[in-house]
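# Observations on chain architecture
What follows is each chain in one-letter form.
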Amino acid sequence: MAETALAGHNMCRLIELYRTMVRIRAFEETALAAHRAGLMPGPLHASIGQEAVAAGVCLNLRRDDRITSNHRGHGHAIAKGAGVAGMMAELFGRAGGHCGGKGGSMHIADFSVGMLGANGVVAGGIPIAVGAAQGLRLLGSDAIVACFFGDGAINRGPFLEGLNWAALYRLPVLFVCEDNGVAAFTRAGEVTAGPGAVARAQAIGVAAESVDGNDAVAVDAAAGRLAAAVRRGDGPRLLHLRTYRLLGHTSTDQAAWRPEQEVAEARARDPIARLRARLLGEGVAAAALDAIIAGAEAEMSAARDAALAAPWPDPATAWTDVLDADRQEVA
Ligand SMILES: Cc1ncc(C[n+]2csc(CCOP(=O)(O)OP(=O)(O)O)c2C)c(N)n1
């Protein structure tokens, strides 16, 4: 009986993971199609192929936990619970967007669910996460901060500064290195000395582990262990997740420099297909999984249509929510 209950619980969790990953992919595919059609301004950095990272980590977070993200942040925001209508409106530059249509893809924030912001500055989210964790400590909260960044970010100063500060003060941060093996158009190995994120974290006393970031179940399990340690007050942890960016760096990059064989092998490790195979193996009906996909596609199409029909921001609000460098104030 107990075993049946446990199996039931695990199945719900697997389906939740699947639903989140499918929603992320549907959001990005819908946005990319609109971008290709010339309906959306600005570049998009899609995380297609990396969905297990966002879904697996955020499944272990509470609503009052915080996250910070990077330039490839749609998945992080969706997995943390950000409203997709506001996200889509933000991508289309419309008034109803999470940032009033003035931030775009790389600056989506939704404080109502603890999403403190995507960030176009590589490694820019790291000190923000550490500061947020220090703030939570001062408030006496047991909420934690998950800080998502790419492998490129570990070669910037804020990575060392942030981990150092968090380790020194045993701050509640789960650092998540989403390692897709490239930084824009450069192989990470060509610009990274030494063995990488785990070794660098361990060198300053931050316990770290590495798992297959395309295995949603493994990500969920590792994130659960590390988030629990962080919440207990054991200090920061680093989770290194090996994944693969199936598309180019931005919406206009075909990434034609990558060998076809490499991309084909990565497609065979697609995290959504892998979880689907596992669910089918557990006896879940294909029709039930197809219904999740259809639901996600309908949700994202509706968000796109609503955004396209929404008004542009009022020009009179151009300076609200913006720091004016001359006046040094937020209007
Ligand atoms: C401080 C800074 N330097 C350079 C850039 C230009 N840039 C944008 S994305 C990117 C690559 C980042 O790689 P990574 O952090 O691994 O994330 P990925 O794009 O692979 O998801 C670079 C160099 C930037 N945005 N900020």
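We now turn to the structure provided with this report. (Residues numbered from 1 in each chain as written. Predicted model: local features only at pLDDT ≥ 70, side-chain atom pairs only at ≥ 80, totals over all residues. Heavy atoms only, no water.)

## Observations concerning the packing of helix H5 (residues 125–139) against helix H6 (residues 157–168)
- Running from N to C, H5 and H6 cross one another at 15°; their axes reach a closest spacing of 8 Å. The angle between H5 and H6 falls in the class roughly parallel. Seen from above, H5 lies across H6 with left-handed handedness. When H5 is examined against H6, the residues Ile 126, Pro 127, Val 130 and Gln 134 are found in contact with a partner set consisting of Pro 158, Phe 159, Gly 162, Trp 165 and Ala 166. (Axes fitted to C-alpha atoms, helices over the stretch in contact; angles between N-to-C directions. Helix = DSSP H or I, 4+ residues; strand = E, 2+ residues; numbered from the N terminus. Parallel < 35°, antiparallel > 145°, perpendicular 65-115°, else oblique. Left-handed = near helix turned anticlockwise from the far one by under 90°. Contact = heavy atoms within 4.5 Å.)

## As for the site of the ligand
- In the region of the ligand, 15 residues are neighbours, and His 71, Arg 72, Gly 120, Gly 152 and Val 182 sit closest.
- One nitrogen or oxygen atom from the main chain of Val 122 is found 3.2 Å from a nitrogen atom belonging to the ligand.
- The separation between an oxygen atom of the ligand and a polar side-chain atom of Asn 180 is 3.0 Å.
- Contact with the protein chains hides 71% of the accessible area of the ligand, taken as 580 Å² for the molecule alone.
- Its residues assigned to classes, the shell around the ligand shows 6 nonpolar, 6 polar and 3 charged. (Near = heavy atom within 4 Å. Polar contact = N/O pair within 3.5 Å; in protein donor to acceptor, adjacent residues only side chain to side chain. Areas by Shrake-Rupley, 256 points an atom, 1.4 Å probe, with all protein chains shown as cover. Nonpolar A, V, L, I, M, F, W, Y, C, P; charged D, E, K, R; others polar.)

## What about the packing of helix H4 (residues 84–91) against helix H11 (residues 286–309)?
- Between H4 and H11, the least distance of the axes is 8 Å, while the angle of their chain directions is 50°. Classified by the interaxial angle, the pair formed by H4 and H11 is oblique. Where H4 crosses over H11, the handedness of that crossing is right-handed. Contacts from Val 84, Ala 85, Met 88 and Ala 89 in H4 reach Glu 299, Met 300, Ala 303, Arg 304 and Ala 307 in H11.
- Across the contact of H4 with H11, the residue classes tally to 7 nonpolar, no polar and 2 charged.

## Notes on the side chain of His 45
- Mapped onto the fold, His 45 is located in the loop between helix H1 (2–36) and helix H2 (51–58).
- Ignoring any residue separated from it by four or fewer positions in sequence, one finds His 45 in contact with Glu 28, His 71, Arg 72, His 74, Ser 105, Met 106, His 249 and Thr 250.

## Digging into the pattern of salt bridges
- Inspection of every chain in the model, using the stated rule, returns 15 salt bridges.
- Asp 220 is the salt-bridge partner of Arg 13, the closest N and O atoms lying 2.7 Å from each other. Of this pair, Arg 13 sits in helix H1 while Asp 220 sits in helix H8 (residues 216–232), and the two are 207 residues apart along the sequence.
- When its relative accessible area of 22% is taken as the criterion, Arg 13 is described as partly exposed.
- Between Glu 299 and Arg 23 there is a salt bridge; the shortest N-O distance is 2.8 Å. You can see Glu 299 sitting in helix H11 and its partner Arg 23 sitting in helix H1, a full 276 residues away along the chain.
- Looking at Glu 299, the relative accessible area reads 28%, which means it is partly exposed.
- Residues joined by salt bridges that share partners form a network here, namely Arg 25, Glu 51 and Asp 270. (Salt bridge = Lys/Arg side-chain N within 4 Å of Asp/Glu carboxyl O. Buried < 20%, exposed > 50% of the residue type's maximum accessible area, 1.4 Å probe, protein only.)

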